[in-house]
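Summary of the model geometry
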Amino acid sequence: VKPSPLRLLIALAWACLAGCSSVTVNTDFALAQDFSQFHRYAWHPDGVKKSASLDALGGDIFDNRVRRAVEDILASKGMSRGEPADFYINYSVVTEDRMSVQTYDTYAGYGPGWGYPRWGYGPYYYPYGGGTQTSVYYYKQGTLIIDVVDAKTNKLAWRSTAEGPVDLEGTPEQREQGLRKAIGKMFERFPPEPAGKGGPGGGDMGDM
């Protein structure tokens, strides 16, 4: 039996919800910071704080993925790792449980019951009659925060955050690819151009 156009549309919606298009990136930085002096970096001496959120994402496995991705991106920008450092890099992660509610027109009895449960704990469906069906989906939302700290002053110079649903069922290769894509978006405009030289004069926000 061929799936109806409505079923295909619903399946596509769930697939997109779990993909990179649902990751939001926000970047901000200190306008007075001279980023032209940032050539050599090191990971912040305080290190990454262990947390339940980090464990939920894979602990040391996730930590290694973040570090490799950041170091590769900075190397592509001509920056090297070493001491004495011009700036420090650090990151943190936060995860929380979320709920998504979607209502669809079912018409001839078609609904989203076959779904695309790539992440989360559902979906669970509740028919309401009258040609509509509501799906309630529980999932985990993750936020990655990456900081750049001036090594001389130990003050925050730049920060980028990426927020989106966590894929709990992806392969290790898919997880690494998704993480690298998000971190690449975070560092897209790093180092920022000074105000008045064609770069943004303040924070920058974009969707992936």
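Residues numbered from 1 in each chain as written. Predicted model: local features only at pLDDT ≥ 70, side-chain atom pairs only at ≥ 80, totals over all residues. Heavy atoms only, no water.

1. Focus: the nonpolar core
By size, the foremost hydrophobic cluster in this structure holds 33 residues, and its most contacted members are Ile89, Tyr91, Ile146, Ile183 and Phe187. Among the elements of the structure, strand S1 (24-29), strand S2 (40-43), helix H2 (52-57), helix H3 (60-76), strand S4 (87-105), strand S6 (132-150), strand S7 (156-165) and helix H4 (172-186) are those that each provide at least two residues to this core. Among the elements that make up this core, the one with the highest residue count is H3 (6 residues). When residues no more than four places from it in sequence are discounted, the contact partners of Ile89 are Tyr41, Ala42, Trp43, His44, Val70, Leu74, Ile146, Asp147, Val148 and Phe187. (Core = buried A, V, L, I, M, F, W, Y, C linked by side-chain atoms within 4.5 Å. Buried < 20%, exposed > 50% of the residue type's maximum accessible area, 1.4 Å probe, protein only. Helix = DSSP H or I, 4+ residues; strand = E, 2+ residues; numbered from the N terminus. Contact = heavy atoms within 4.5 Å.)

2. Overview of H3
The end-to-end C-alpha distance of H3 is 24 Å, a good match for the 24 Å that 17 residues give at a rise of 1.5 Å each. Among the residues of H3, those classed as buried are Phe62, Asp63, Arg65, Val66, Ala69, Val70, Ile73 and Leu74. Buried positions in H3, seen along its axis, are confined to an arc of 165° and lie on one side of it. Within H3, the exposed residues directed more than 90 degrees away from the buried face are Asp60, Ile61 and Ser76. Gly78, located one to two residues past H3, shows a positive phi value of around 85°. (Expected span 1.5 Å × (residues − 1). Arc of directions from axis to C-beta.)

Function cannot be inferred from these measures alone, as they are strictly geometric.
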